[in-house]
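Secondary and tertiary structure notes
Below are the chains, spelled out letter by letter.
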Amino acid sequence: MERHRHCLNCGISIPPEETFCSERCKDEYIKKRKRMLRIQSISLFLIFLVLVIFVGLKSGII
Ligand SMILES: [Zn+2]
């Protein structure tokens, strides 16, 4: 059985020592990941904010 990996961005088969099929794919993946991380941290922050407001309202701090 031939061992190979899949490009982390587009999923095509690539040699086992590679992570991406091309530099462009790598750039694209990094950009996508950065955007995802930003969205993730914003959602976490919003959840935290809602929790703080909720707890604050309940205990009459705000
Ligand atoms: Zn690719």
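This structure is a prediction, so every number in the text was calculated from the model and none was measured. The residue count restarts for each chain, going from 1 along the sequence in the order it is written. Only residues with pLDDT of at least 70 get local features here, since the model is predicted, and only at 80 or more are side-chain atom pairs given and counted; chain-wide, interface and lining totals rely on the full set of residues.

Focus on the overall build of the protein
Per the secondary structure count, the protein includes 1 helix and 2 strands. Comment: elements are numbered from the N terminus, with helices defined as DSSP H or I runs of at least four residues and strands as E runs of at least two. For the protein, the sequential pattern of α-helices and β-strands runs β-β-α. Counting only C-alpha atoms, the protein reaches 65 × 25 × 15 Å along its principal axes. Expressed as a percentage of the 62 residues in the protein, the buried residues total 3%. Contact between two residues is assigned when their C-beta atoms, built from the backbone, lie within 7 Å. Considering only contacts in the protein between residues 6 or more positions apart, those separated by 24 or more positions represent 0%. Residue burial is a threshold on neighbouring C-beta atoms within 10 Å of the residue's own C-beta, all placed from the backbone, with 20 or more meaning buried, 12 or fewer meaning exposed, and counts in between meaning partly exposed.

Focus on helix α1 (residues 23–59)
Note that an α-helix has 3.6 residues per turn; residues three or four places apart therefore point the same way. A helix is expected to span 1.5 Å for every residue after the first. Between its first and last C-alpha, α1 extends 54 Å over 37 residues, near the 54 Å set by a 1.5 Å rise per residue. Little of α1 is tucked away: 0 of the 37 residues are buried. Positive phi appears at G60, one or two residues downstream of α1, with a value of about 75 degrees.

Topic: the confidence of the model for the protein
Predicted confidence across the protein gives a mean pLDDT of 94, with 95% of residues reaching 70 or more. The predictor rates its confidence in each residue with pLDDT, a number between 0 and 100. By mean pLDDT, strand β1 (residues 5–6) is the weakest element of the protein at 95, and α1 is the strongest at 97.

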